[in-house]
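Residue strings, one per chain:
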Amino acid sequence: MAIELTAQQAAAVTDRGGNLLVSAAAGSGKTRVLVERLMDHVRKGADIDHFLIITFTNAAAAELRDRIARAIHDLLAQDPANRHLRRNATLVYKAPISTIDAFCLDFLRECATAAGLEPDFRVCDEAESRALGQQAMETVLERRYQTIEDDSGFQALVDALAGDRDDQTIEEVVFDIHRRVQSHPDPLRWLEERRADFVFSPDAMPEHTPWGRLLLDDGRALADYWAGALEALGEELAFDPVMEANYGPSLSATAAHLRALSQAMGQGWDRAVELFPVPFPRVGAKKGADPALKERAKVLRDLCKKQVTRLGERFSVSAAGAMDDLRSVAPAMVTLLEVTAEYDRELTALKRRRHLIDFADGEHLTARLLTREDGQPSALAAEWSRRYVEIMVDEYQDTNAVQNVIFDALSAGDNLFMVGDVKQSIYRFRLADPTIFLDKYARYADYRVAEEGEGRTVLLSANFRSRPEVLEGVNFLFCNVMTQAVGEMDYTPDEALVPGRADLPPDGRYCVELSCVDLTGLTDGEDGRADKDLVEARAVAARIAALLSEGLPIGERSVTPEDIVILMRSPGSRSAAFAQALAERDVPCSFEESGDFYQTPEISVTLALLEIVDNPRQD
């Protein structure tokens, strides 16, 4: 039996007339909404192969294609004679449902000549890419070293980064910068624009530079945080006359100075420098005070002092001194940008001679063909745009700027459907840019009031996957830790997860628990870490054994060991302690030993021997 859509889900399925951003919280049915929207188009006469559907992984693309095929066959079962549905049941297997990389490769194979590629080009594998990158790097550095006598900028870069024996540090920095700039639509232009950051006017001050503003903003945030923490502690001490008399004046003086420092951070570098060091007046005698409160006050004050002292080290020079430092490193930094650009051009030439591209090349070449110099869609983009009724992008929060340019160019301006959840964006290390999602989330109007042609948003917050108690725990946690400053958005009631399943009424047995284990009595000797792991593991095992003996209901049955998972950030050797603790409670478990294959003794020794064979003179 079909499950009825909520009002928000129905809006995400049927809303037309402008680009639509669906902010779909965890468990809110975003994939179902995407499939239902597609079926809504099909029911109205559109063919499935006239939609470009972009997913994040090949596995996700295969799963989505399968779900779409099943949805079409469900419709066909209700109307077997429908020729349109029968045709689409076949077309679904040739419909463009893929990752952005796969789409770019298909696009470039069709437009290879326009992209300057040979028709038989292929994607290089990771090993080829590394080898070509190393070759390109050696060529660029060798060329630079040949003219180093006349190149003061490269001299400065070598002095700053090169080691006594090799250029490994320079190479690593260039590799890292090059990898990161691939998220920009035009990396070479971006590198050229950054050179202007190192051109300083005679009267420039640190607060006029990106780095000075960053340090001042961070300083202001830190000063405000600790001023608030000390003020809150002072209010708490008011209930203990001894602590208030001895700690109160010191805390008040430090908090007041931190407030002044925060204000000074907004007035300029030199004004902030004037307010360091921050005073931490001595506290008086504490006899008769509450021991627990005294210890907490001491720990908090010491931590504040440590962090504020470290902050003061950043502001240990005047504005003039800071600008002298920036001017002194500018030649090396400008040269670093130049070397990175040279490396990019050399690497591209090597790949082209071998008829190779990598995935980043695929995105950049596609973006270049689909846009003009002014950033507007090209004639080729207009031609391809006519192929698609709608461009549908899943996991939009993990898009980068290059991919976004491609989507915008292919869109007709009102047929871009984007679904995702910025709270689930975890791929920034892979150059995803969640601010693209956030920008549209802030600019687009609510779908209920959006004008024709205007971008609009639909918010799916009802969760159909988890119990109300789980959602309550998640909401409590994230409303306290997710803010604009930390996560680039505030976790407001609009973002909070709402229970969506009527068949799961509130039940106190499923409340989220926080269990604390006291480890203070354990020594920090040679086996201290292992002892602590075992104590923690035994506490976890005891709770699991209790759940199993109580027979906590899971649907129509009681909980079993297979229903329980223990998550750790880095299991490593800790897995053995948990296995031992569970065995003591007769609780079966399974786990996989993890570790770096190349760090095992046998492999690391073999690699060392191979390095010596390769270069006997290597240290």
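To start, this report covers the structure provided alongside it. (Residues numbered from 1 in each chain as written. Predicted model: local features only at pLDDT ≥ 70, side-chain atom pairs only at ≥ 80, totals over all residues. Heavy atoms only, no water.)

**Focus: the packing of helix α16 (residues 359-370) against helix α18 (residues 401-410)**
Put simply, the rule is: Between the N-to-C directions of two axes lies an angle of 0 to 180 degrees, each axis being a line fitted to C-alpha atoms and, for a helix, fitted only over the stretch in contact. In this description a helix means any DSSP run of H or I spanning at least four residues, a strand means any run of E spanning at least two, and both kinds are numbered starting from the N terminus. Rotating anticlockwise by less than a right angle from the far helix to the near helix defines a left-handed crossing, while the corresponding clockwise rotation defines a right-handed one. Contacts are assigned to residue pairs with any non-hydrogen atoms lying within 4.5 Å of each other.
Two elements in contact, α16 and α18, have axes whose closest approach is 9 Å; the angle formed by their N-to-C orientations is 35 degrees. Relative to α18, the crossing made by α16 is left-handed. Of the residues in α18, those in contact with Glu363, His364, Thr366, Ala367 and Leu370 of α16 are Val402, Gln403, Val405, Ile406, Ala409 and Leu410.

**Here's the deal with the sheet that holds strand β3 (residues 97-99)**
The condition is simple: Between any two strands, pairing holds if DSSP finds at least two bridges.
Read across the open sheet, the seven strands follow the order β3-β2-β6-β7-β1-β9-β8; overall the sheet is parallel. Edge positions in the sheet fall to β3 and β8 (445-446), since each has one partner strand and no second. Both strand β6 (residues 390-393) and strand β7 (residues 416-420) contribute to a ladder of three bridges, which runs parallel. Bridging across to β7, Met392 finds its partner in Phe417. Each of β2 (51-55) and β3 touches helix α3 (residues 58-78); the most contacted strand, β3, lies at about 170 degrees to it.

**Things to note about the side chain of Thr371**
Heads up, the rule is: Classification of residues uses two cut-offs on accessible area relative to the type maximum, computed with a 1.4 Å probe and protein chains only: under 20% is buried, over 50% is exposed, and between them is partly exposed. Under this definition, polar contacts are N or O atom pairs within 3.5 Å; protein pairs additionally need one hydrogen-donor-capable and one acceptor-capable atom, and for neighbouring residues in sequence, both atoms have to be side-chain atoms.
Within the secondary structure, Thr371 sits in the loop between α16 and α17 (379-385). Judged by relative accessible area, which is 19%, Thr371 ranks as buried. At 2.7 Å, the side chain of Thr371 forms a polar contact with the backbone oxygen of Ala367. Other than its neighbours up to four places away in sequence, Thr371 contacts Gln376, Pro377, Ser378, Val405 and Ala409.

**Description of helix α15 (residues 319-353)**
Going by this rule: In this scheme, a helix's expected span is set at 1.5 Å multiplied by one less than its residue total. The seven residues ending at a residue and the seven starting there each receive a fitted axis; the angle between those axes is the bend at that residue.
The terminal C-alpha atoms of α15, which comprises 35 residues, lie 50 Å apart, in line with the 51 Å expected from a rise of 1.5 Å per residue. Bending of α15 peaks at approximately 40 degrees at the position of Ala330, with proline Pro331 no more than four residues after it.

**What to know about the pairing of β2**
By the criterion of burial, β2 is predominantly enclosed, with five of the five residues buried. Burial of β2 is two-sided: the residues Phe51, Ile53 and Thr55 facing one way and the residues Leu52 and Ile54 facing the other way are all buried. As paired elements, β2 and β6 share four bridges and run parallel to each other. Residue pairing for β6: Ile53 is matched across the bridge by Met392.

**Digging into the packing of aromatic side chains**
Ring pairs (aromatic) are described by centroid distance and by the angle formed between their planes. To keep things clear, this is the line we draw: The pairing test for Phe, Tyr and Trp rings, Trp by its six-membered ring, is centres within 6.5 Å, and the orientation test on the planes gives stacked under 30 degrees, edge-to-face over 60, and tilted for anything in between. Each ring is checked for a lysine NZ or an arginine CZ that lies within 6 Å of its centre and within 35 degrees of its normal; such an atom marks a charge sitting over the ring.
Under the defined criterion, the tally for this structure stands at 14 aromatic pairs. Seen from their ring centres, Phe56 and Tyr427 are 4.9 Å apart, and the 40 degrees between their planes marks the pair as tilted. Of the two residues, Phe56 is situated in the loop between β2 and α3 and Tyr427 in the loop between β7 and α19 (434-443); the sequence distance between them amounts to 371 residues. On the accessibility criterion, Tyr427 (23% relative accessible area) is partly exposed. With centroids separated by 4.5 Å and ring planes inclined at 40 degrees, the aromatic side chains of Trp269 and Phe315 adopt a geometry described as tilted. Residue Trp269 is located in helix α13 (residues 269-274), and its partner Phe315 is located in the loop between α14 (291-314) and α15; the two are separated by 46 residues in the primary sequence. The buried category is assigned to Phe315, whose relative accessible area is 2%. Here the aromatic cluster, defined as three or more aromatic residues joined through ring pairs, consists of Phe56, Tyr427 and Phe429. Positioned above the aromatic ring of Trp190, the side-chain terminus of Arg194 is 5.0 Å from the ring centre. The ring centre of Trp384 lies 3.7 Å from the NZ or CZ of Arg387, which sits over that ring.

**Quick word on the pairing of β7**
We apply this condition: A clockwise path from the first strand over the helix to the second, with the strands pointing away from the viewer, defines a right-handed crossover.
Burial of β7 is extensive: five of the five residues sit out of reach of the surface. Residues Leu416, Met418 and Gly420 point to one face of β7 and Phe417 and Val419 to the other, with burial holding for every one of them. Examined bridge by bridge, strand β1 (residues 20-24) and β7 share four bridges and lie parallel to one another. Within the sheet, the bridge partner assigned to Leu20 lies in β7 and is Phe417. Read from β6 through α18 to β7, the crossover connection turns out right-handed.

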